[in-house]
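Structure assessment
The primary structure of each chain is shown beneath.
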Amino acid sequence: MGSALARLRFLFLAIVTCRPNKVLIPTGDGLAQFLFLLSPLFLIFGCKVVCVLHRAKFGYPVKNTRDRLIHLFSYITFRFAIRCRFLSVDVVPCEALKTGLNPLGLEIGYLADPLSSPPAKDRSVSRTALGLPQDVEILGCIGGIDRRKGADYLIRAASSIRANQRILLAGKFAPEILDQLEKIDPITKSRLILVNRFLDHDEMFSYICSLDAMLMVQSGHTGISSFALHAVKYGIPVIGSDTSWFQLLKKQFTSLVAIVKEPENLGSYIAQWNHQENPILADSQQFDLLYSAKAFCSKINSELQV
């Protein structure tokens, strides 16, 4: 809250000093709940605020009383932030407000994720460059390797996968993951490929392109996964969690997305998973309408011109 109020103070000073017609807040999470306090200022100076949200939680399960109160506070304060337009890069909150309980009529617009991916690389070429084996199925998780991304489930799953399968974990490992790896048996370890370091931009996408499938078992995660989106764009199947966002992604790209409802059984699921030599690629036009820098810029421009 201290950080949010400090940002609010800077926003107040900027508006008083610059007298803008439009204000764009590209990352408004945390600050957004307090914009209603500046509504009189927005009215006095006649400025419109466009605020981008990355972690709006409408449409996601509420775990406890504290979260319920935060959820209710956000809902009320968003609704009464005069001359503020909220946009979410996660479509789940937008749809939840359209179809679910919404007594105050709050509206949040959808803003396409400005996804920017380099050209896809051949899987075999990527594996050769990275020193990965060619004769096994590799399913993996890229980026920060921690429990938030379900890495603990992936490590446990390795004991149940087939002998011709490997689970790749590539990125900086969290301390709890390193502790878990110290306790695994030799068979489990033999079916893991571990790359514990920060990856540069090119390496990260090379590892994505080396996969037979992306594993994103983020059971406690709220919001989108850019790694899953990159995989779908490249035609790489995604095995994801039973969350609202992954369910929506499955509806959009049925042939490329599978859902694991019980992450504890992930190993058995992977062992039965059938690799597709020629997966059905995502429709590029459909994908770009939903997730692209071009669609993102088009929406931002249209909001600022109103």
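Here is what the cut-offs are and how they apply
Residues numbered from 1 in each chain as written. Predicted model: local features only at pLDDT ≥ 70, side-chain atom pairs only at ≥ 80, totals over all residues. Heavy atoms only, no water. Axes fitted to C-alpha atoms, helices over the stretch in contact; angles between N-to-C directions. Helix = DSSP H or I, 4+ residues; strand = E, 2+ residues; numbered from the N terminus. Parallel < 35°, antiparallel > 145°, perpendicular 65-115°, else oblique. Contact = heavy atoms within 4.5 Å. Nonpolar A, V, L, I, M, F, W, Y, C, P; charged D, E, K, R; others polar. Buried < 20%, exposed > 50% of the residue type's maximum accessible area, 1.4 Å probe, protein only. Pairing = 2+ DSSP bridges. Lys, Arg positive; Asp, Glu negative; His and termini not counted. Salt bridge = Lys/Arg side-chain N within 4 Å of Asp/Glu carboxyl O. Right-handed = clockwise from strand over helix to strand, strands pointing away. Core = buried A, V, L, I, M, F, W, Y, C linked by side-chain atoms within 4.5 Å. 1 Å grid on protein atoms, 1.4 Å probe; cavity = no way out; pocket = protein on both sides within 12 Å on 5 of 7 lines; lining within 4 Å. Points joined across faces, edges and corners; volume = space filled by probe spheres on them. Patch = residues over 30% accessible without salt bridge, like charges linked within 9 Å, V, L, I, M, F, W, Y side chains within 5 Å. Areas by Shrake-Rupley, 256 points an atom, 1.4 Å probe, with all protein chains shown as cover. Charge placed at Lys NZ, Arg CZ, Asp CG, Glu CD.

Bringing the packing of helix 10 (residues 226–233) against helix 11 (residues 244–252) into the picture now. One can describe the packing of helix 10 onto helix 11 by two numbers: an axis separation of 12 Å at closest approach and a directional angle of 10 degrees. Taken as axis vectors, helix 10 and helix 11 run roughly parallel relative to one another. From helix 10, A228, L229 and V232 reach across to helix 11, where they touch W245, F246 and L249. Residues that form the contact of helix 10 with helix 11 fall into these classes: six nonpolar, no polar and no charged.

On to the pairing of strand 3 (residues 84–88). Across the five residues that make up strand 3, a large majority, four, are buried. Relative to strand 3, strand 2 (residues 48–53) is paired through five bridges, and the arrangement is parallel. When the sheet's bridge partners are listed, C51 is paired in strand 3 with F86. The pairing of strand 3 with strand 4 (residues 109–110) spans two bridges and is parallel. Paired with S88 across the strands is Y110, a residue of strand 4.

Checked against the element boundaries, R191 lands in the loop between helix 8 (186–190) and strand 7 (192–196). This buried residue, R191, is left without a salt bridge; D185 holds the nearest opposite charge, at 8.3 Å. The contacts of R191, once residues within four sequence positions are left out, are A158, S159, I161, R162, A163, Q165, R166 and I167.

Turning our attention to the pairing of strand 2. Along strand 2, six of the six residues are buried, which leaves the element largely enclosed by surrounding structure. What you see with strand 2 is no split at all: K48, V50 and V52 on one side and V49, C51 and L53 on the other are buried throughout. Across four bridges, the pairing between strand 1 (residues 22–25) and strand 2 is parallel. For L24, the partnering residue across the bridge sits in strand 2 and is V50. In terms of handedness, the path from strand 1 via helix 2 (residues 39–45) over to strand 2 forms a crossover that is right-handed. Crossover strand 2 to strand 3 through helix 3 (residues 65–79) is right-handed.

Here the focus is the sheet that holds strand 3. Pairing is parallel across the open sheet formed by four strands, whose spatial order is 1-2-3-4. This sheet does not close on itself; its edge strands, each paired only once, are strand 1 and strand 4. Lying on the sheet, helix 14 (residues 293–305) is in contact with strand 1, strand 2, strand 3 and strand 4; it crosses strand 3 at an angle near 170 degrees.

With that settled, consider the nonpolar core. Nonpolar side chains in soluble globular proteins generally cluster together in the buried interior. Grouped together as the largest cluster of nonpolar side chains are 44 residues, with contacts concentrated most on I142, L168, M214, W245 and L249. Ignoring any residue separated from it by four or fewer positions in sequence, one finds M214 in contact with G140, C141, I142, I208, F227, A231, I236, P237, V238 and I239. Listed in part, the 28 residues of the second largest apolar core include L11, L31, A32 and A56.

With that settled, consider the pattern of salt bridges. Overall, the coordinates contain 10 salt bridges when judged by the stated rule. Here K98 and E95 are joined by a salt bridge, their closest N and O atoms 3.8 Å apart. One end of the pair is K98 and the other is E95, both in helix 4 (residues 91–99) and three residues apart, which spans about a single turn. Residue class for K98 comes out exposed when judged on its relative accessible area of 62%. Look at the salt bridges and you will find they share partners, linking K48, R85, K299 and E303 into a network.

Quick look at the sheet that holds strand 6 (residues 165–171) now. Pairing in this open sheet of six strands is parallel, and the strands run 7-6-5-8-9-10 from one edge to the other. Across the chains shown, the open sheet's two edge strands, defined by having one partner strand only, are strand 7 and strand 10 (257–260). Taken pair by pair, the neighbouring strands of this sheet meet at an average axis angle of 25 degrees, ignoring direction.

Vacant regions in the atomic arrangement are exposed by a probe of water-molecule size rolled over the atoms. Its volume calculated, the largest pocket comes out at about 680 Å³. Around the largest pocket, the lining is made up of 27 residues, and of these Q33, R55, K57, I70 and S74 lie nearest the centre. Considered class by class, the residues forming the lining of the largest pocket number 13 nonpolar, eight polar and six charged.

Together, R55, K57, K63 and R148 line one region of the surface with positive charge. Within the secondary structure, R148 is located in the loop between strand 5 (137–142) and helix 6 (151–157). A relative accessible area of 46% places R148 in the partly exposed class.

Nonpolar side chains collect at one region of the surface, where F10, F12, L13 and V16 lie side by side and expose about 340 Å² of accessible area between them. Looking at where F12 falls in the secondary structure, it is placed in helix 1 (residues 2–18). Look at F12 and you get partly exposed, because its relative accessible area is 36%.

This is a description of form; function is not addressed.
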